[in-house]
Amino acid sequence: MAHGWIAVRGARVHNLRDIDVDIPRNKLVVITGLSGSGKSSLAFDTIYAEGQRRYVESLSAYARQFLDQMEKPDVDLIDGLSPAISIEQKTTASNPRSTVGTVTEIYDYLRLLFANIGIPHCHQCGREIASQSLERIMDMVMLYPQDARINILAPIVRGRKGEFKKELAALKAKGYTKARIDGQFRSLEETINLDRRRNHTIEIVVDRLIVKSGIDRRLAESVETALNLANDIVVVNTLEGGDRLFSRRLACIECGLSMPEMTPRAFSFNSPHGACTECQGLGAMHDFDPHRIVPDESKSLLDGAIAPWARGDRKLIREAVIGLTARASRASSPTSGGALMKPGGPSRKSWRSIARCGRARSAAASG
């Protein structure tokens, strides 16, 4: 029989009475019925049990001794069956970070697979990412604006838990005086106490330079030192441009985009190193739409500029707006719908009429 279907013939497990059924593969199939009609008997005790039994039998005798042996279900024939996975039904609240892959731990194997044999590509130009040489890194740094102040950082710890007292003491003994710890520059002379239960990022300040001609030798030495300290990774930090990561291992030669070494956590949406920075790995974002909150900017607060307030207690809202008017008069706060959404705002003299009349009518009256 063609394996486009899972064919079950003569299933007699529990309440089933010689059931014959063909289930399409690569489809979402739902088994429904009354309580006690045999739904679980067909799905779990017949199809899953036989798939698991066949998988265990395909393993070596040594591996089988560590696994539970399942009895052959009471069925005449099951054809087209692959190794099966069964997920326990739970009544607890769903976790948005829990998927079929994480529950069955298949996701862990996929992350290992991509981290070890995956070929990275640049998300900007699509070209394959390769390692950068020291000369290439220096050329990219020298393209920074003239007289730009840069910090050469060696990220020795990236998102790991621990106190790292020994590492910091060893670097201090080598002559390093400053480090950027969790985004803040701190002196190694002070006592640094880190929470061992939280993830930390420690970047040693190797050198501080001003981009100009004649710094090639010093820049090369500093970058080389940082690469050796941080396993072929260096971060160049500027006040205006932020951080830029360079890697002697992985970088796009066209865009200059660098990326850290591919590790399993880089493919995990539950890790800050692999999760999307916008949605934090959840795949969805929850935010508000200012134009739905203030659909008509010409209205005043008392006229219902803020749409959600229109569904509330009007007397209470009116008292709140009058109180806001009194406080904002002293602070010169904008109170019209448009002012809530735009920078700037009315002057101290005009804001009171805007609160009561709206921006458009207030402007017409003053004109």
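Residues numbered from 1 in each chain as written. Predicted model: local features only at pLDDT ≥ 70, side-chain atom pairs only at ≥ 80, totals over all residues. Heavy atoms only, no water.

Quick notes on the overall build of the protein
So, point 1. Scanning the protein for helices and strands turns up 12 helices and nine strands.
So, point 2. Taking all 367 residues of the protein together, the buried fraction comes to 32%.
So, point 3. Looking at the protein alone, contacts between residues at least 24 apart form 60% of all its contacts between residues at least 6 apart.
So, point 4. Of the roughly 23,600 Å² of accessible surface on the protein, 52% is carried by carbon and sulfur atoms. (Helix = DSSP H or I, 4+ residues; strand = E, 2+ residues; numbered from the N terminus. Buried < 20%, exposed > 50% of the residue type's maximum accessible area, 1.4 Å probe, protein only. Contact = heavy atoms within 4.5 Å. Areas by Shrake-Rupley, 256 points an atom, 1.4 Å probe, with all protein chains shown as cover.)

Some details on helix α7 (residues 216–229)
So, point 1. The terminal C-alpha atoms of α7 lie 20 Å apart, and with 14 residues this matches the ideal 20 Å at 1.5 Å per residue to within 8%.
So, point 2. Turning to α7, its buried residues number three or more, namely Leu219, Ala220, Ser222, Val223, Ala226 and Leu227.
So, point 3. Of the surrounding elements, those touching the buried residues of α7 are α5 (134–142), β4 (149–161), β7 (199–210) and β8 (233–238).
So, point 4. The positive-phi residue at the C-terminal boundary of α7 is asparagine 231, with phi of around 55°. (Expected span 1.5 Å × (residues − 1).)

Quick word on the confidence of the model for the protein
So, point 1. Averaged over the protein, the pLDDT score is 81; the fraction of residues at 70 or greater is 86%.
So, point 2. Contacts of residues 332–338 to residues separated by more than four positions or lying in other chains number 23 contacts, the stretch itself having pLDDT below 50.
So, point 3. Considering only residues more than four positions removed or in separate chains, one finds that residues 340–344, a stretch of pLDDT under 50, has 10 contacts. (pLDDT = per-residue confidence, 0-100.)

With respect to the packing of aromatic side chains
So, point 1. Applying the stated criterion to the full structure yields two aromatic pairs.
So, point 2. Centre to centre, the rings of tyrosine 107 and phenylalanine 269 are 5.2 Å apart; their planes meet at 35°, and the pair counts as tilted. Placement of tyrosine 107 in helix α4 (residues 106–117) and of phenylalanine 269 in the loop between β9 (242–247) and α8 (290–293) is noted, with a sequence separation of 162 residues between them. In this structure, tyrosine 107 and phenylalanine 269 share a single accessibility class: buried.
So, point 3. Consider the rings of phenylalanine 114 and phenylalanine 267, whose centres lie 5.8 Å apart with planes at 35°: the pair is tilted. On the criterion of sequence distance, the pair formed by phenylalanine 114 in helix α4 and phenylalanine 267 in the loop between β9 and α8 is long-range, its members being 153 residues apart. (Phe/Tyr/Trp six-rings, centres within 6.5 Å; stacked < 30°, edge-to-face > 60°.)

Focus on the pairing of β4
Side-chain direction in a regular strand flips from residue to residue, so the side chains alternate between the two faces of the sheet.
So, point 1. Inspection of the sheet shows β4 paired to β7 by 11 bridges, in the antiparallel sense. Among the inter-strand pairings, isoleucine 152 is bridged to a residue of β7, identified as aspartate 207. (Pairing = 2+ DSSP bridges.)

Some details on the nonpolar core
So, point 1. Counting 34 residues, the largest nonpolar core has Ile150, Ile152, Ile202, Val234 and Phe246 as its most contacted members.
So, point 2. Taken together, the elements giving at least two residues each to this core come down to α5, β4, α6 (165–173), β5 (178–181), β7, α7 and β8.
So, point 3. When neighbours within four sequence positions are excluded, isoleucine 150 is seen to be in contact with Val141, Tyr144, Asp207, Arg208, Leu209, Val211, Val236, Asn237 and Thr238.
So, point 4. One finds Ala11, Ile47, Val75 and Leu81 within the second-largest nonpolar core, a separate group that totals 10 residues. (Core = buried A, V, L, I, M, F, W, Y, C linked by side-chain atoms within 4.5 Å.)

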